[in-house]
Every structure is written in structure tokens, then in C-alpha cells.
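Per-entry structural report
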Amino acid sequence: AQSVSQHNHHVILSEAASLELGCNYSYGGTVNLFWYVQYPGQHLQLLLKYFSGDPLVKGIKGFEAEFIKSKFSFNLRKPSVQWSDTAEYFCAVNGADKIIFGKGTRLHILP
Amino acid sequence: SQTIHQWPATLVQPVGSPLSLECTVEGTSNPNLYWYRQAAGRGLQLLFYSVGIGQISSEVPQNLSASRPQDRQFILSSKKLLLSDSGFYLCAWKPGQGRDTQYFGPGTRLTVL
């Protein structure tokens, strides 16, 4: 069965710190992987996605994620976070008809 | 461009009352449609999805049901709400039946008292 595991439920960082949010997935077929972000009071929106090709994917606002097939991982990274990155982040894996989400990571950036 | 609408934005209902939440998508045809419930610490729980009119797949047995009376309309219903139905309900769509990005609506905050 498809599943997504996000290891960090709540992360607190200071501005300019580096960020890495862990995501592992379980899926038996070809995977498409996503990171979504939900800023306070806003819609859930796509941050970046991996479908094929270069396993290092760059998204909006300086975020990137690396697909490591051997580790079933798709970790999200940003070298220097800003206060405006405070949000909830969801990793997701896409099967044929539906997308399965992880439980989310709440990121709080201290100014 | 495509847009997705949900209403109402907020709803307060007594226990035992019925529920109807509506979601519509504009600017696309034959989308896949989804209902999720978002709860703190539990992430996004997929409730129902539909790949076409009248076709509903249920992911979690519960007090809710879904219907798709038109191509771009997806309705979440309940005959009798429970306290545990409180939460934030999100509708989403994605193009066709292939592997693609999902796009989310603004959500409905439901409080059952």
C-alpha cells in the first residue's frame, strides 16, 4: 500500500539556518513525488514536484528536494530559511488516481 | 485558467444535523476530484475521490458520503453529523486520470457542536 512518512512533526529554526525536512515513501510502482506548502491562512499550494529526470528538483522560494530511489526518500531542503517560510509542509506520493499525503511538518522560523 | 471553489467557507452545525459541502471546478473538463479532511497533527486524510460522473471511491469508512452529479461538481454530505466530523475539509482536482499535480480549494471549516 502507498504511504508517506514525514519524520519531523514540528521544527523550529532561526532565520538563516539551513533546513532539511525528511520524507520517506512506500509505493510499488512508478512514483511521482510532491511537496506542498500551506502558509498561515492560505490555500495548500505546490512547492515542487518530481516526475522523472534529474533527481534534484528545484521549486519556488529557493526550495529544493532530492529523490533518492534507493532510500525511498524525497527530502526537502533550503540553505537559508526566512521568517516568511513559517508554514506547514506536506510530502506526497502520486499513484494512478490519487495522491497520498504525509502528516505534515509545522515549520516555525524565529525572527 | 482553472479555478476551484468551495462553499461555505465556515459552517457551524449541531450534532445530528445534515451536511452538504459543495466544490466546483472551472476551466477544465473530466477532472479527477478529491475530498480531504485536514486535522492538526494528522495531515491530510483522503476521504473520497472520483474519476468521473457518478463514480465515487471511498477511502475511509465513516459518517460521510460523496456524490458527483456533474462533471465539475463534487459534494460531501452527511445525514447526521457527529462531533468527530469537525475539521477542515479540502476539495482538490487534478487533470484527467494521469499522474499530475493536484490543485486545492480554499477549504471549509466545519464545527459540530
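The following refers to the structure shown.

Definitions and limits used
Residues numbered from 1 in each chain as written. Chains lettered and ligands numbered in written order. Predicted model: local features only at pLDDT ≥ 70, side-chain atom pairs only at ≥ 80, totals over all residues. Heavy atoms only, no water. Salt bridge = Lys/Arg side-chain N within 4 Å of Asp/Glu carboxyl O. Buried < 20%, exposed > 50% of the residue type's maximum accessible area, 1.4 Å probe, protein only. Contact = heavy atoms within 4.5 Å. Buried area = accessible area lost by both parts, 1.4 Å probe. Polar contact = N/O pair within 3.5 Å; in protein donor to acceptor, adjacent residues only side chain to side chain. Helix = DSSP H or I, 4+ residues; strand = E, 2+ residues; numbered from the N terminus. Nonpolar A, V, L, I, M, F, W, Y, C, P; charged D, E, K, R; others polar.

1. Quick notes on the pattern of salt bridges
- Using the criterion set out here, one finds six salt bridges over all chains in the structure.
- Residues A:K78 and A:D85 are paired through a salt bridge, measuring 2.9 Å at the closest nitrogen-oxygen approach. With respect to burial, A:K78 and A:D85 carry one shared label: buried.
- Here B:R68 ties to B:D71 by a salt bridge, and the two come within 3.3 Å at their closest N and O atoms.
- Using a relative accessible area of 3% as the deciding quantity, one classes B:R68 as buried.
- Here the salt bridges do not stand alone but share partners, grouping A:K58, A:E64, A:E66 and A:R77 into one network.

2. Some details on the interface of chain A and chain B
- Taken together, the contact pairs 24 residues of chain A with 24 residues of chain B.
- When chain A packs against chain B, the two sides together hide about 1,900 Å² of surface, and 49% of this comes from carbon and sulfur.
- The tally of links between chain A and chain B comes to zero salt bridges.
- Viewed at the interface, chain B and chain A are joined by five residue pairs in polar contact (both at pLDDT 80 or more).
- Elements that contribute at least two residues to the side of chain A that touches chain B include exactly β5 (32-38), β6 (44-50), β10 (87-94) and β11 (99-101) of chain A.
- A per-class count over the side of chain A that touches chain B returns eleven nonpolar, seven polar and six charged.

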